[in-house]
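Survey of secondary and tertiary structure
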Amino acid sequence: MKFKKFGGTEQKVYDLIKPITDELGYFLWDVCYEKEGAMWYLRVFIDQDEGITIADCERATAPISDILDKEDPISQSYMLEVGSAGLERELVKEEHFEVCCGDKVRIRFIREKDGEKEITATLSSADKDGVCVTLENGEEKKYPLADIAFVKLYLDF
């Protein structure tokens, strides 16, 4: 795992829409520009303390679509999707880890670590060298980013 670095298109879109999401009171969680099959998708993930509803997604879509139509940062056709980052969202950027310090996370390893393929723990910190967590037994551990497939928020239902 590496911290996500935006590609040129994602960075342009992020810079264009961040003022809009801020003005609407949403936290711009992520922007993904991906090809699936023959189609390109521009996915914008938003969040707020109260959670995101379909109405929030609709409210954000119109002004985001307007600025993208006006500035035209993407030359080819694509589908715009605005949605919630989700309850068990993946942490991919340094700021995600900062915002989620103290939260419970699920870490999946590329290969087994200490006999485990996946653990749940409390996130303490993260940097370019690894992710620090407190295990359920109180032990502090740091796992190198290179050993991690993903880190997601964990909700115990």
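The present account deals with the structure reproduced in this document. Just so it is clear, the structure is predicted and the values come from calculations on it, not from any experiment.

Rules used in this analysis
- Residues numbered from 1 in each chain as written.
- Predicted model: local features only at pLDDT ≥ 70, side-chain atom pairs only at ≥ 80, totals over all residues.
- Heavy atoms only, no water.
- Helix = DSSP H or I, 4+ residues; strand = E, 2+ residues; numbered from the N terminus.
- Expected span 1.5 Å × (residues − 1).
- Bend = angle between axes of the 7 residues up to and from the residue.
- Buried < 20%, exposed > 50% of the residue type's maximum accessible area, 1.4 Å probe, protein only.
- Contact = heavy atoms within 4.5 Å.
- Pairing = 2+ DSSP bridges.
- Phe/Tyr/Trp six-rings, centres within 6.5 Å; stacked < 30°, edge-to-face > 60°.
- Lys NZ or Arg CZ within 6 Å of the ring centre and 35° of its normal.

We now examine helix H2 (residues 54-71). A rise of 1.5 Å per residue sets the reference length of H2, with its 18 residues, at 26 Å; its end C-alpha atoms lie 26 Å apart and thus fit the reference within 8%. Of all the bends in H2, the greatest reaches close to 25 degrees and is centred on Thr61; the proline Pro63 follows between one and four positions later. Every buried residue belonging to H2 is among Asp56, Cys57, Ala60, Ile64, Ile67 and Leu68, and all of these are buried. As for H2, its buried residues are in contact with helix H1 (8-24), strand S2 (39-47) and strand S3 (79-84).

The next point concerns the pairing of S2. Remark: a regular strand shows side chains that alternate across the two faces of the sheet. Alignment of strand S1 (residues 27-36) against S2, held across nine bridges, turns out to be antiparallel. Note that in S2 the partner of Glu34 across the bridge is Tyr41. Hairpin connection of S1 to S2: two residues between the antiparallel strands, including Gly37 at a positive phi of 65 degrees. Bridge count for S2 against S3 is six bridges, and the pairing is parallel. Bridging across to S3, Tyr41 finds its partner in Met79.

This part is about the packing of aromatic side chains. In total, this model carries four aromatic pairs according to the counting rule given. A ring pair is formed by Tyr33 and Trp40, whose centres lie 4.6 Å apart and whose planes are at 20 degrees; its orientation type is stacked. Among the residues examined, Tyr33 registers a relative accessible area of 15% and is labelled buried. Each ring, one from Tyr33 and one from Tyr78, has its centre 6.5 Å from the other, and the planes form 85 degrees; the classification is edge-to-face. Pair noted here: Tyr33 is in strand S1 and Tyr78 is in the loop between H2 and S3, with a separation of 45 residues, a long-range link. Of the residues examined, Tyr78 reaches a relative accessible area of 21% and is grouped as partly exposed. Ring pairing ties together the aromatic residues Tyr33, Trp40 and Tyr78, which thus form one cluster. Cation over ring: Arg89 sits above Trp29, and NZ or CZ is 4.7 Å from the ring centre. The ring of Phe150 is capped by Lys152, whose NZ or CZ atom sits 4.7 Å from the centre of that ring.

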